[in-house]
Amino acid sequence: MIKGIGIDLLEISRLEEKVRRNERFVKRILTTRELDLLNQCSSRKRKMEFSAGRFAAKEAYAKARGTGLGQDLSFLDIEVIPDEKGKPVVYVKGNREKNTFLSISHSEQFVIAEVIIQEG
């Protein structure tokens, strides 16, 4: 049984503008492990796609939980790390979220993320 579904669509240029205005913005939305992955990206364009994907994934996860981001859950509480096959996996406060499914996709201009949470 599905407990929650969340989706988020983001213009990559919107995130890029936030980063252009404040380089520290990325450190407010990405965990240390995610920043390590970001630094492995080969170009600025790919870095923006990666960052936008993580931003959208975290928003989608919070929507699926029904809590949104705020007092109980922050961007840094949620982490999206690829498994050994490259599939994105959600961790919350260091713990892998079981029964949680995430898909991230992007085009030239947009990134979209969808999360489905199933009952335990």
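Residues numbered from 1 in each chain as written. Predicted model: local features only at pLDDT ≥ 70, side-chain atom pairs only at ≥ 80, totals over all residues. Heavy atoms only, no water.

Chemist: Looking at this structure, how should I read the overall build of the protein chain?
Modeler: Helix and strand counts for the protein chain come out as four helices and six strands. Along the protein chain, helices and strands appear, N-terminal first, in the series β-α-α-α-α-β-β-β-β-β. For 120 residues, the compact-globule estimate of 2.2 N^0.38 gives 14 Å, and the protein chain sits close to it at 14 Å. Taking the principal axes of its C-alpha atoms as reference, the protein chain extends roughly 40 × 30 × 25 Å. Here the protein chain holds 120 residues, and 39% of them are scored as buried. Looking at the protein chain alone, contacts between residues at least 24 apart form 57% of all its contacts between residues at least 6 apart. Split by element, the accessible area of the protein chain, about 7300 Å² in all, is 47% carbon and sulfur. Placing the 22 positive and 18 negative side-chain charges of the protein chain at their respective mean positions leaves the two points 3 Å apart. (Helix = DSSP H or I, 4+ residues; strand = E, 2+ residues; numbered from the N terminus. Rg over C-alpha atoms; globule rule 2.2 N^0.38 Å. Buried < 20%, exposed > 50% of the residue type's maximum accessible area, 1.4 Å probe, protein only. Contact = heavy atoms within 4.5 Å. Areas by Shrake-Rupley, 256 points an atom, 1.4 Å probe, with all protein chains shown as cover. Lys, Arg positive; Asp, Glu negative; His and termini not counted. Charge placed at Lys NZ, Arg CZ, Asp CG, Glu CD.)

Chemist: Can you walk me through the sheet that holds strand β2 (residues 78–82) in this structure?
Modeler: Within a sheet, adjacent strands bond to each other through the backbone by hydrogen bonds, running parallel or antiparallel. A sheet is described by the order of its strands in space; here three strands give the open sequence β2-β3-β4, paired in antiparallel fashion. Taken across any chain shown, the strands that pair with only one partner, and hence form the sheet edges, are β2 and β4 (95–96). Two strands pair when backbone bridges link them, and strand β3 (residues 88–92) and β4 are joined in this way by two bridges, in the antiparallel orientation. When the sheet's bridge partners are listed, Y91 is paired in β4 with R96. Across the face of the sheet, helix α3 (residues 32–39) comes into contact with β2 and β3 while running at roughly 45 degrees to β2. In the packing of helix α4 (residues 44–65) onto the sheet, contacts are made with β2 and β3, and the angle to β2 comes to roughly 120 degrees. (Pairing = 2+ DSSP bridges. Axes fitted to C-alpha atoms, helices over the stretch in contact; angles between N-to-C directions.)

Chemist: I'm lost on the pattern of salt bridges in this one. Help?
Modeler: Side chains carrying opposite charge are able to pair once their charged atoms draw close together. Taken as a whole, this structure holds nine salt bridges when the rule is applied. Its salt-bridge partner being K63, residue D8 comes within 2.9 Å of it at the nearest N-O pair. One end of the pair, D8, is in strand β1 (residues 2–11); the other, K63, is in helix α4, with 55 residues separating them in the sequence. A salt bridge links E16 to R20; the nearest nitrogen and oxygen atoms lie 3.9 Å apart. Placement of both E16 and R20 in helix α1 (residues 12–21) is noted, with a separation of four residues, approximately one turn of the helix. On the basis of relative accessibility, which here comes to 23%, the residue E16 falls in the partly exposed class. A residue is classified by how much of its surface remains accessible, and R20, at 52% relative accessible area, is exposed. (Salt bridge = Lys/Arg side-chain N within 4 Å of Asp/Glu carboxyl O.)

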